[in-house]
Amino acid sequence: MPCVSCGFVRLVKIAAFVLTASVAAMPAARAEADGALASEAARALVLAPAPSGLRAVWYGGSDDPAATLDRLERAGFRVEISLPPSLFYVRESTRRAAALPAGFSFGASAPAGAPAAASDADLFQGRDDVRPPLAPPATAGTRSASRAAAMQGLPFGARWIDTSEFMIGRVAVAILFPESDGSTDPNRYDWTPALRDSVLRSAVRGLARWTSFAARRGIPLSFAIELHAGLATRYEPISRTSGEEDLWIQDALTGFLGYKSDAGTLEYDAANGVRSRLGAQWGVLIFAVQDDSSSTGQFADGAISHARLGGPFFVTPVKNGGSAFQGASLDSYMEHEMAHMFWALDEHFPSTGWWSCSLTTGYLNIQNSNSVVPAAGYCGFPPAQCLMKGNYPDSVCVFTQGQIGWADRDLNGIPDLLETRATVFPDSAEFHAVAGSTIILRGHALEFPLGNQNPYHFFAGDSISAAIVDSVVYRINGGPAIPALAVDGVYDSGREYFSATLPSLPPGEYVIDWDAWNSNGLKSANNPSTALTLSASSAPAGLGGGQPAVGAMSLRFGPTPSLGPVRFALRARPGSRGLCIVHDVQGREVARWLVTVSPSGTASWMWSGRVASGAAAPSGLYFLSLEIDGAALKRRLVIFR
Ligand SMILES: [Zn+2]
């Protein structure tokens, strides 16, 4: 089995790297109030028994939440549920293999809770609990600084609307507590700290069932939770129909984010914000609705817990249904609705035809073959116990697993989405140089995601990879593997440019073989080579000491990372002219040069590391593009002050 936990740790590494840019998405006063709330909630939660198989770890500091979580994971713990920066539940089996970093301590060992009641009765008693997937809001393509920040660290290939495409990696969960202010609807219910704590305990237990399913299958999965209370709305959510929920969601998220927009835009912005703040791959919003003294426990149209298929949110009342529902706890609703976030369909009866066994869904487009709609066994498979069919909190059928992205269609014990590989592309297939000169070979490696087959994205959704390019190595004439360097200083993305400065070699013919490895622990699908010819003559040597074959050009620049100034040296066709531009991560141009290549085939210039106004360019990643002679080069450079 490949090193699945390695991939997990490396995913976390990316998250840590992008964190600095991501904190802006929330007003400062709210961030402070929510920090105090999280710390109180964590102190209450740690007194409750830990979910089965997990052990509480406490952190006494108040460091950045995502960085604290990353530190514990890097130390070798499988953190499955967390309320960073204070409380983390780690799998007991990883506890023995690793030592806690400074400042962390284990909570008391707690007896396992009683197993949850399981029965064939569904949680919804005939109600639909799935709303059709949210259409992409009109603002989906809008660019802004805060949105760009919230989108950093997305899984490779994902965009703003891709907040929960398959249940692998770290999932950031914001639990939101809307509070009616009585201005439109009469105020019937108010939140109390104790009630919020009970919602949090249910979320922890319900989500821990998912991480247990994942742990048994070697799948990296964790949930990191944020709490946000006191989100004012003019409406009393439980007094409204589920069809009217955009009204109070819009109110609550307007106050949360600090600006106005349509409900869909606010939902995706909020989900991306929590995803970015917690350094996660995915983001989900849970709207908890206060109705604790209601006799019916339902919305005005009879709905109880319900979800948007594919995210980014679900809604759950504290009290789901009346006395007839007493067999099921809020934990089970948390567990069930989270599956809908990742595209799992219902299997319970009766339901509308939308969720029948003839439907297929999810990133890998898996049929709903355990459905009892229209009749048990109709789908051609004997009905299996499953949390999407009845109240079976500890059973998840193979079809639901497939729909959330855990399908193992080649039956080798590893989910297909954790078996993707990268491909490596050296810039030149042939390279000629003079022996004794400095030889630098370049290229890029690209992670190859499985295609997104989700029918609700019209089979044209974004193809996304759970993995990143981890390293590139080369061998000279079949010798030992030598690492090539990432041009931007770190392998942390699905697309990486690399350079390799070869050791000194005598004149002759050589074959350089290339391999890229990704965070799934797998080698590139291809292994291309570069034919290197080193001549003894002192004929044209120059920049880089090498001359790419077939009229290609070469660009050297450095240092990167740089404290500011960056020098550029280009070899290209003598007399050719071109344009070189540097952009920042938000796409803004920060520098440009007209480049004229000298009769000897070289050009050189320097960037002072300052933007047009004269101010120092901030630390971060920059994109360089050079167009010359009908060809284009794209490179990345890093300023680090
Ligand atoms: Zn459902």
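Calculation rules
Residues numbered from 1 in each chain as written. Predicted model: local features only at pLDDT ≥ 70, side-chain atom pairs only at ≥ 80, totals over all residues. Heavy atoms only, no water. Helix = DSSP H or I, 4+ residues; strand = E, 2+ residues; numbered from the N terminus. Rg over C-alpha atoms; globule rule 2.2 N^0.38 Å. Buried < 20%, exposed > 50% of the residue type's maximum accessible area, 1.4 Å probe, protein only. Contact = heavy atoms within 4.5 Å. Areas by Shrake-Rupley, 256 points an atom, 1.4 Å probe, with all protein chains shown as cover. Lys, Arg positive; Asp, Glu negative; His and termini not counted. Charge placed at Lys NZ, Arg CZ, Asp CG, Glu CD. Salt bridge = Lys/Arg side-chain N within 4 Å of Asp/Glu carboxyl O. Pairing = 2+ DSSP bridges. Axes fitted to C-alpha atoms, helices over the stretch in contact; angles between N-to-C directions. Domains from an automatic or database assignment. Buried area = accessible area lost by both parts, 1.4 Å probe. Polar contact = N/O pair within 3.5 Å; in protein donor to acceptor, adjacent residues only side chain to side chain. Nonpolar A, V, L, I, M, F, W, Y, C, P; charged D, E, K, R; others polar. Donors = N, O, S within 2.8 Å, 3.2 Å for Na, K, Ca; no water. Tetrahedral: all angles 85-135°; square planar, octahedral: opposite > 155°, others 65-115°. Core = buried A, V, L, I, M, F, W, Y, C linked by side-chain atoms within 4.5 Å. Expected span 1.5 Å × (residues − 1).

For this particular structure, what's the right way to read the overall build of the protein chain?
Across its full length, the protein chain carries 10 helices and 28 strands. Since a compact globule built from 641 residues should have a radius of gyration of about 26 Å, the 27 Å found for the protein chain is in line with a globular shape. C-alpha atoms of the protein chain, sized along the principal axes, occupy 90 × 55 × 50 Å. Out of the 641 residues belonging to the protein chain, those deemed buried represent 56%. Of the contacts made within the protein chain by residues no fewer than 6 positions apart, 71% connect residues no fewer than 24 positions apart. Surface summary for the protein chain: the accessible area is close to 24900 Å², and the carbon and sulfur share equals 57%. Between the averaged position of the 50 positive side-chain charges in the protein chain and that of its 57 negative side-chain charges there is a distance of 8 Å.

Would you mind going over the pattern of salt bridges with me for this structure?
For side chains of opposite charge, pairing can occur when their charged atoms come near one another. Under the definition given, this model contains 22 salt bridges. E226 serves as the salt-bridge partner of R277, at 2.8 Å between the closest nitrogen and oxygen. Here R277, found in helix 8 (residues 263-277), pairs with E226, found in strand 7 (residues 221-233); they are 51 residues apart in sequence, far enough to count as distant. The exposure classification of R277 matches that of E226, with both residues buried. One network of salt bridges, in which partners are shared, links R205, R209, D331 and E335.

I'm lost on the sheet that holds strand 9 (residues 306-308) in this one. Help?
Strands pair in a sheet through their backbones, by hydrogen bonds, and they do so in one of two ways: parallel or antiparallel. The strand order across the open sheet built from 10 strands is 4-1-3-2-7-6-8-10-9-5, with neighbouring strands paired in mixed fashion. Each edge of the open sheet is held by one strand with a lone partner, namely strand 4 (104-106) and strand 5 (130-131). Where strand 8 (residues 282-289) lies against strand 10 (residues 313-317), five bridges are found, and the strand directions are parallel. Across the sheet, residue I286 finds its bridge partner in strand 10, namely F314. Helix-sheet contacts for helix 9 (residues 330-341) involve strand 5, strand 6 (169-180), strand 7, strand 8, strand 9 and strand 10, and the interaxial angle to strand 10 is about 160°.

What am I meant to see in the domain arrangement of the protein chain here?
Interfaces are often sized by the amount of accessible area the parts lose when they come together. Looking at the assigned domains, one finds that the protein chain contains domain 1 (22-50 + 142-340), domain 2 (343-419), domain 3 (420-449 + 458-551) and domain 4 (553-641). Contact residues are listed per partner, giving 22 residues for domain 1 and 21 residues for domain 2. Buried surface at the junction of domain 1 and domain 2, summed over both partners, amounts to about 2000 Å²; 67% is from carbon and sulfur atoms. Between the two partners, domain 1 and domain 2, sit zero salt bridges. Our enumeration of links across domain 1 and domain 2 arrives at 13 residue pairs in polar contact (both at pLDDT 80 or more). Those elements giving two or more residues to the side of domain 1 that touches domain 2 turn out to be helix 6 (193-216) and helix 9. With five residues, the single largest contributor to the side of domain 1 that touches domain 2 is helix 9. In the side of domain 1 that touches domain 2, the residues fall into 12 nonpolar, six polar and four charged.

How should I be thinking about the coordination of the zinc ion in this particular structure?
Six octahedrally arranged donors around a metal ideally form angles of 90 or 180 degrees; four tetrahedrally arranged donors ideally form angles of 109.5 degrees. Bound to the zinc ion on the protein side are D129 (OD), D129 (OD), H336 (NE2), H340 (NE2), D346 (OD) and D346 (OD), at distances that span 2.0 to 2.7 Å. Viewed at the metal, the six donor atoms of the zinc ion are separated by angles of 52 to 161°, and the geometry they form is irregular. Here the donor residues for the zinc ion map to a single chain with the spacing D-x206-H-x3-H-x5-D. Both residues of the pair, H340 and D346, count as buried.

Can you walk me through the nonpolar core in this structure?
The nonpolar side chains of a soluble globular protein tend to be buried with one another. Counting 72 residues, the largest nonpolar core has I175, W210, F223, M338 and W406 as the members making the most contacts within it. Of all the elements, helix 6 adds the most residues to this core, at 10 residues. Each of domain 1 (22-50 + 142-340) and domain 2 (343-419) gives at least three residues to this core. Ignoring sequence-local partners within four residues, the contact set of F223 consists of E80, I81, S82, M167, V171, V173, L207, W210, T211 and M338. If you look at the next biggest cluster of nonpolar residues, it comprises 36 residues, including V79, F299, A303 and V315.

Before we go on, may I ask you to explain helix 9 in this structure?
Residues spaced three or four apart along an α-helix face the same direction, because each turn holds 3.6 residues. Taking 1.5 Å as the rise per residue, helix 9 with 12 residues should run 16 Å; its terminal C-alpha atoms sit 17 Å apart, in good agreement. W343, located one to two residues past helix 9, shows a positive phi value of around 80°.

Would you explain the pairing of strand 25 (residues 589-596) in this entry?
Along any regular strand, the residues point their side chains to alternate faces of the sheet. Bridging between strand 24 (residues 577-584) and strand 25 involves seven bridges; their strand directions are antiparallel. Its bridge partner being in strand 25, H583 is matched across the sheet by E589. In textbook terms, the turn of a hairpin is the stretch between consecutive antiparallel strands, and for strand 24 and strand 25 this stretch comprises four residues, one of which, G587, has a positive phi near 85°.

Please clarify how the pairing of strand 1 (residues 54-59) should be interpreted in this entry.
Within strand 1, five of the six residues are buried, which leaves the element mostly enclosed by the surrounding structure. Note that strand 1 and strand 3 (residues 87-91) share five bridges and pair antiparallel. Bridge pairing links W58 to L87 in strand 3.

For this particular structure, what's the right way to read the sheet that holds strand 25?
Taking strand neighbours across the sheet as the criterion, the four strands line up as 25-24-27-28 in an open arrangement whose pairing is antiparallel. Looking at which strands have only one partner, the edges of the open sheet turn out to be strand 25 and strand 28 (631-639). Taking the axes of each pair of neighbouring strands and ignoring which way they run, one obtains an average angle of 15° across the sheet.

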